[in-house]
Amino acid sequence: MSKYLLEVGCEELPYKFIPSAIQQLKTAFENCLNSNKVAYENIEVYATPRRLAVIISGLDKEGKDEEKIIKGPIKKVAYDENGNLTKAGEGFCNKNGINPADLYIENDYIHAKILIKGKSAIELLKDNVPNIVLKLQGSHFMRWSDNDEKFSRPIRWIVSILDNEEVKIKIIDKESSNVSRGHRFSEQNIVINNPDEYIEKLRKAHVIVDQDERQNLIVKLTKEKATEQAQALITAME
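Residues numbered from 1 in each chain as written. Predicted model: local features only at pLDDT ≥ 70, side-chain atom pairs only at ≥ 80, totals over all residues. Heavy atoms only, no water.

Let us now look at the sheet that holds strand E5 (residues 104-106). Read from one edge of the open sheet, 3 strands run E4-E6-E5, paired in antiparallel fashion. The two strands at the open ends of the sheet, each matched to only one other strand, are strand E4 (66-74) and E5. Taking each pair of neighbouring strands and ignoring which way they run, the sheet shows an average axis angle of 45°. For E4 and strand E6 (residues 109-116), the ladder comprises 7 bridges, and the chain directions are antiparallel. (Pairing = 2+ DSSP bridges. Helix = DSSP H or I, 4+ residues; strand = E, 2+ residues; numbered from the N terminus. Axes fitted to C-alpha atoms, helices over the stretch in contact; angles between N-to-C directions.)

So this is what it looks like as structure tokens:
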């Protein structure tokens, strides 16, 4: 089983867009993997004002092969009066890589069983990740610089790693690497060797990537400060 990390670093995202982007990314990756028969255990989506990140755990390196029955032209169109394939029949076979000997008739139409080979996880990610990101929707999406594609804010960096291997992708005008960035006032060039070290390396650079953890910490510190201030007020009034 493998683990994949995608991080898309941006200029500050609108706060209303972030919860929607989290759900859109989770749904899009689920749909992509499921439709391509690639098994996985879990998809986590994280967000901060300057980044969207996806970690897929327990990812199979190969999609499952799939047998599929496809339907072709009606028999009288696919075969001539001598039982030979017509141009239409031959075209159906050539288009789908079918041996004519494997054709069979059902309900007066020609059919064939084909095997669709599963894609590798790397191939699937390269083909789909840029589209998944660019299909995110939100208000006030714009074109940035000289680019035709629209996004919420300019993309500044991308990290794309499967286990210990970079999965090279390009979104708009930015190519991926294994280098992330910390808080604006902390370390900037953070090398991510594999997805397992991502969260802790960012934490050391003063970025809590898990939005739930961040919220819980803010609530905890706020309550502690409120209790401290209340106690100070009580003491002053005694």
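What follows continues from the structure just given.
Looking now at the state of the cysteines. Chemically, a disulfide is nothing more than a covalent bond linking the sulfur atoms of two cysteines. What the rule picks out here adds up to 0 disulfides. Cys32 supplies the cysteine sulfur nearest to Cys10, a cysteine that is in no disulfide, at a spacing of 20 Å. (Disulfide = S-S within 2.5 Å.)

With the rule as written, the count across this model stands at 2 aromatic pairs. Taken together, a centroid distance of 5.5 Å and an interplanar angle of 75° make the contact between Phe17 and Phe141 edge-to-face. Remark: Phe141 occurs in the loop between helix H4 (121-134) and strand E7 (142-143) and Phe17 occurs in helix H1 (residues 17-35); sequence separation between them is 124 residues. Grouping residues by exposure puts Phe17 and Phe141 together as buried. Through pairs of rings, three or more aromatic residues link up here, namely Phe17, Phe141 and Phe151. Across from the ring centre of Tyr109, 4.2 Å away, lies the NZ or CZ of Lys71, which sits over that ring. (Phe/Tyr/Trp six-rings, centres within 6.5 Å; stacked < 30°, edge-to-face > 60°. Buried < 20%, exposed > 50% of the residue type's maximum accessible area, 1.4 Å probe, protein only. Lys NZ or Arg CZ within 6 Å of the ring centre and 35° of its normal.)

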